[in-house]
Amino acid sequence: KKREMETIDLVYTAGTVIDGFQTETEEKGITISTDLPEEMTLTADAGEIEMILNNLISNAVKYNRNNGTVHVEISGDETYAKIKVSDTGIGMTEEESAKLFEDFMRIKNDKTRHVEGSGLGLSTVKKLATLYGGDVSVDSEPDIGTTVEVTLRSQKS
């Protein structure tokens, strides 16, 4: 599929993606809180941005504890946008975090055994962020939670 660059509102897109997780969050008693500007436009491929948001929020919900919280924050300026998703989930060691961006990498331990996934999530996010001249960073602590931050530069259409 050819990339289609258009002006999208990241805040609106994030809202739509968050709404899509309503059933899952309700089942686990997870609250999603947000800190969003009124709007944040970005020249990007809508499908790619949705994929990034979907991956980040999906992981934050999937690896969370019951009745945990997910916090989605968007900030930036004319040249770049920053998406930050934090959770109160199982977290990871630094060693585990370092491997997250490899293809098919799934952190395997007692806490993740019951979680399903392809392990492509964050390697895909990293590839997409790189396409936008951006990057991804992960900050995680076992049993406390994880924060993933993605920076994207607005593409000149």
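Since the structure is predicted, the reported quantities are computational estimates derived from the model, not experimental observations.

1. Focus: helix α5 (residues 121-131)
By the burial criterion, the buried members of α5 are G121, L122, S123, V125, L128 and A129. Positioned one or two residues after α5, G133 has a phi angle of 65 degrees, which is positive.

2. Details of the packing of aromatic side chains
Evaluated as defined, the whole model comprises zero aromatic pairs. Taking NZ or CZ as reference, R3 lies 5.2 Å from the ring centre of Y132, over its face.

3. Focus on the environment of S33
Among the secondary structure elements, S33 is positioned in strand β2 (residues 31-35). Judged by its relative accessible area of 32%, S33 falls in the partly exposed class. Along the sequence, S33 and V85 sit 52 residues apart, while their C-alpha atoms lie 10.0 Å from each other. Excluding residues within four positions of it along the chain, S33 makes contact with V70, H71 and V72.

Conventions adopted
Residues numbered from 1 in each chain as written. Predicted model: local features only at pLDDT ≥ 70, side-chain atom pairs only at ≥ 80, totals over all residues. Heavy atoms only, no water. Buried < 20%, exposed > 50% of the residue type's maximum accessible area, 1.4 Å probe, protein only. Helix = DSSP H or I, 4+ residues; strand = E, 2+ residues; numbered from the N terminus. Phe/Tyr/Trp six-rings, centres within 6.5 Å; stacked < 30°, edge-to-face > 60°. Lys NZ or Arg CZ within 6 Å of the ring centre and 35° of its normal. Contact = heavy atoms within 4.5 Å.

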